[in-house]
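# An overview of the molecular structure
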Amino acid sequence: MFHCKTNNEENEGALSEIESLIEKISSQVPLNNTGDIDVLHKPDSIDIPVSDPGLWNLDEKTRDYICRNGFSQNINADFTHSKKEYLIVHKSGGHRTFNRYLNKDWFKTVLVNGETCQRDYLSYSETNGSVYCIPCYLFENWTVFSKKGFSNWKYPEKLKKHENSEAHKICVYKMKQRATDLGRIDTTITLQLKIETNYWINVLTRVCSVVKSLASHGLPFRGTEEKYGSSVANSGNFIMAMELVAEYDPFLSQHISKYGNPGKGNTSYLSFYTYEQFISIMSEKVLETIIKEVKAATYFSISIDSTPDITHIDQLSFIIRYVLPNGEPVERFIGFIDDAGHKAESLTEAIFSILKKYDLNVCFLRGQSYDNAKNMSGIYSGVQARIKDVISLADFVPCSAHSLNLVGMCAASCCEEANNFFSFTQNIYVYFSSSTYRWSLLKKYNNSTLKSLSDTRWSARDDACHSLKTNWAGVKKALLDLKHDKLQKPLTRSEAEGLLRQLSRLETSFMTEFWNDVLHTFNKTSKLLQSVQIDLSTVVELYNSLVSYVKSVREMFQTYYDAAKEKFIDCNKIPEFENKQRKRKKHFDESNDPGHTFDSQNNFKINTFYVICDNLTVELNKRKSAYDSIISKYSFILKIYELDPSEIREDAKKLRTIYKQDLDESFENECVHFQSVLKLTTNPPKTLLDMSKFIKEKQFVTIFPYVDVALKMFLCNLASNCSTERSFSTLRRIKNYLRSSMSSERLNSLAVLNIEATLTKSLNYSDVIKTFAAKQARKKKLK
């Protein structure tokens, strides 16, 4: 199991004695054709008693051998010889006989508290079909258990009476004392092996602890030169951590000083090979835990997304969602798949290969969530459509957070003024951030700084708009200083003048106030949609709340108009909206009447403000419809407090019809019963997630098993694929430009340990070390 070293000087006498005993035994024990000891052959030597106590020649040599080497209980022997006949005489005068045999349960005793203990003092004799108490047999406690063996199977209580007798306990003590005095033939080696084993277990425990800490935090292990005690070269985080622990741990300090840099052929368990083994084993343990939880939960959903790594290899991230035994949903990372391709067909094959690899039944797949790319969400040949062809109950759920970002992107580019505003916001950030002097000048007038836009992070737009609103006056002063600074380049002064002109427009001021409120509300909602605990019912509620919010904002034009004008109070003149009337070429049959025209304020209100608000409303309703179709199946559970029992039965029957293989006919009755229980409960759960927790906390699963199944199928659906995108951050930290040559196996192991850090930290050192020892063992089993 572990590499052991023996001290020949201290054990020379013991080893010589062992060699002589082995030679003696080998000469008496027959060998098979291969030259190995035939352990199944019954030895003939009187020095080695046979396993049947009824055949022992009881003398001092036998007593010494049994006390020193132990004996066999013969539990797996054939008990047919233990047959005893008993006669029963009836009152009528008739009689009948019946047979009793020794049972394996006789070799165990059950305590009052229910614990089971082995009666290791008993041994079965096949020759006379009885059991012997070996301590009493050896030291002549003249009872039936030692004279000829006990075989009265009709009265098992006599066995209990015997083991509680004082004479039996004295014989057991004598046997143990004699075994201690004589000692085992391999006592010295066994003790030394135990000491060596404990020593290396202590070393590996410390190694495992350091590996767990580094891997769970996503830190690199190796340096430029892995050498203990190096004061110049970068020896890496693993050696650094081991040396840090050694400063406060004398045991590890002594081990490093002795085995720190042993070289090839020497065992130290301090090299990179050891912690690479631990990384692999620990990741396997974490994945085993995840797969075990998935199988226990039965129902699950999947989410995938891909991104290129530092070496331009496309990495496909695989996330699985299921419900824990306490009723809470959880999303776990399974691994990265490299070069899976971008075509729907290859992506689908990759998904099924992962499910097959971990022996997950695709029949229990109830949901799939991806981004809105056509190869993923296509209704005809996308990944979701191909999977639904195989598992029709695997509902496709577009990422709610990604969909909300698309809503905002559409609204931000739906009209000219919206495009101009966000272009100006980015340009003014670039202008100041491209020069340290300009940036310091901006900070002179403001406590905070400007922010950049981002096409992928919606929160960045909110931050950029909010920073522009907060720093409005300071930005204006900084641009004025740069405009009139003769020391600046003409291009710099010209750019400052152009930005200042755009900043002085009423449209820019209005859009700053308007988008600041809208983006702030959308950003808070987007962050909430990225939570793992959120479910589809909450997604629909949030989208409905945004629709109502945008409709209310649509009626607040005057409010934003007044707030925009307040930014120009210090100026001599408050600007007005620019009146850009579009000139249209008239046909020969049209009159010269100019027709109806709007003033500048109404023109901005109708062609910009209303367009943005209406676009937001339309896009929100469009994206929300994808979730309405799924939530409609479970809506009766959400409205369980309002509906009549007949309506609940009808809706429950519809759901049961969809999931015929998962819900029984009793589901309708359970739903009605569940309604009555909730109405009688103080502070009853309102959401489906709370209902799931309520059933588990109150231990109502046995009462409402199919309600619990329905809730698990609903809650395992992903509301977003944000967990998949979060794994990309881990990918960039682990496989960076310094570790670009990392293999895919090591990348997956480190990613699993880092992303699932909670499970990593809960790993048991003993289990990990046992697995490591089993893989490193060089023992060869005898055939």
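Please read these numbers as outputs of a predicted model, since none were measured by experiment.

Let's shift gears to the overall build of the protein chain. Secondary structure assignment for the protein chain yields 31 helices and eleven strands. Here the protein chain holds 783 residues, and the buried ones make up 45% of them. For the protein chain, the proportion of contacts with a sequence separation of at least 24, taken over those separated by at least 6, is 67%. On the protein chain, roughly 42200 Å² of surface is accessible, and the fraction owed to carbon and sulfur atoms is 51%.

With that out of the way, let us pick up the nonpolar core. For soluble globular proteins, nonpolar side chains are generally found buried alongside one another. Grouped together as the largest cluster of nonpolar side chains are 100 residues, with contacts concentrated most on Phe-432, Leu-479, Phe-510, Phe-514 and Trp-515. Top element by residues in this core is helix 23 (residues 600–638). It accounts for 13 residues. Grouped together as the second largest cluster of nonpolar side chains are 76 residues, Tyr-275, Ile-334, Tyr-358 and Val-383 included.

Where strands meet in a sheet, backbone hydrogen bonds hold them as pairs that are either parallel or antiparallel. Across the sheet, which stays open at both edges, the five strands sit in the order 9-8-7-10-11 with mixed pairing between neighbours. Bordering the open sheet on either side are strand 9 (329–338) and strand 11 (395–396), each of which pairs with just one other strand. Summarising the sheet, strand 8 (residues 314–323) and strand 9 pair through nine bridges and their orientation is antiparallel. Within strand 9, the residue paired with Gln-315 across the bridge is Asp-338. Helix-sheet contacts for helix 28 (residues 722–734) involve strand 7 (300–308), strand 8 and strand 9, and the interaxial angle to strand 7 is about 40°.

Turning our eyes to something else, we now look at the packing of aromatic side chains. Throughout the structure, instances matching the rule amount to 42 aromatic pairs. An angle of 80° between the planes, with centres 5.3 Å apart, marks the rings of Trp-200 and Tyr-269 as edge-to-face. Pair noted here: Trp-200 is in helix 7 (residues 187–216) and Tyr-269 is in the loop between helix 9 (250–259) and helix 10 (272–297), with a separation of 69 residues, a long-range link. When its relative accessible area of 0% is taken as the criterion, Trp-200 is described as buried. With a relative accessible area of 12%, Tyr-269 lands in the buried category. For the ring pair Tyr-429 and Trp-439, a centre distance of 6.2 Å and an interplane angle of 90° mean the geometry is edge-to-face. Taken as a pair, Tyr-429 in helix 15 (residues 416–433) and Trp-439 in helix 16 (residues 436–445) lie far apart in primary sequence, ten residues in all. By relative accessible area, which is 22% here, Tyr-429 ends up partly exposed. Taking the relative accessible area as the measure of exposure, Trp-439 reaches 22% and is therefore partly exposed.

Note that His-342 resides in the loop between strand 9 and helix 11 (344–357). Placed 36 residues apart in sequence, His-342 and Ser-306 show a C-alpha to C-alpha distance of 8.6 Å. Excluding residues within four positions of it along the chain, His-342 makes contact with Ser-306, Asp-314, Leu-347 and Asn-375.

Here we come to the environment of Lys-483. By the element assignment, Lys-483 lies in helix 18 (residues 472–484). Residue class for Lys-483 comes out partly exposed when judged on its relative accessible area of 30%. Put simply, Lys-483 and Ala-496 are 13 residues apart on the chain and 5.5 Å apart in space, counted from C-alpha to C-alpha. Residue contacts for Lys-483: discarding those within four places in its chain leaves Arg-493, Ala-496, Glu-497 and Leu-500.

End to end, helix 14 (residues 400–412) covers 18 Å across 13 residues, agreeing with the expected 18 Å (1.5 Å per residue, within 8%). The set of residues buried in helix 14 consists of Ser-400, Ala-401, Ser-403, Leu-404, Asn-405, Val-407, Gly-408, Ala-411 and Ala-412.

With that out of the way, let us pick up the pairing of strand 9. Taking burial as the measure, the ten residues of strand 9 include nine buried ones, the bulk of the element. The hairpin turn running from strand 8 into strand 9, its antiparallel successor, is five residues long, and Gly-327 in that turn takes a positive phi close to 95°.

Moving on, we come to the packing of helix 16 against helix 18. Where helix 16 contacts helix 18, the two axes come as close as 8 Å, and the packing angle between them is 135°. The pairing of helix 16 with helix 18 is recorded here as oblique in orientation. The two elements helix 16 and helix 18 meet at a crossing, and its hand is right-handed. Residues Tyr-437, Arg-438, Leu-441, Leu-442 and Tyr-445 of helix 16 touch helix 18, and the partners they reach there are Gly-474, Val-475, Lys-477, Ala-478, Asp-481 and Leu-482. For the contact of helix 16 with helix 18, a count of residues per class yields seven nonpolar, one polar and three charged.

Basis of the calculations
Residues numbered from 1 in each chain as written. Predicted model: local features only at pLDDT ≥ 70, side-chain atom pairs only at ≥ 80, totals over all residues. Heavy atoms only, no water. Helix = DSSP H or I, 4+ residues; strand = E, 2+ residues; numbered from the N terminus. Buried < 20%, exposed > 50% of the residue type's maximum accessible area, 1.4 Å probe, protein only. Contact = heavy atoms within 4.5 Å. Areas by Shrake-Rupley, 256 points an atom, 1.4 Å probe, with all protein chains shown as cover. Core = buried A, V, L, I, M, F, W, Y, C linked by side-chain atoms within 4.5 Å. Pairing = 2+ DSSP bridges. Axes fitted to C-alpha atoms, helices over the stretch in contact; angles between N-to-C directions. Phe/Tyr/Trp six-rings, centres within 6.5 Å; stacked < 30°, edge-to-face > 60°. Expected span 1.5 Å × (residues − 1). Parallel < 35°, antiparallel > 145°, perpendicular 65-115°, else oblique. Left-handed = near helix turned anticlockwise from the far one by under 90°. Nonpolar A, V, L, I, M, F, W, Y, C, P; charged D, E, K, R; others polar.

Purely spatial values, then, with no claim about function.
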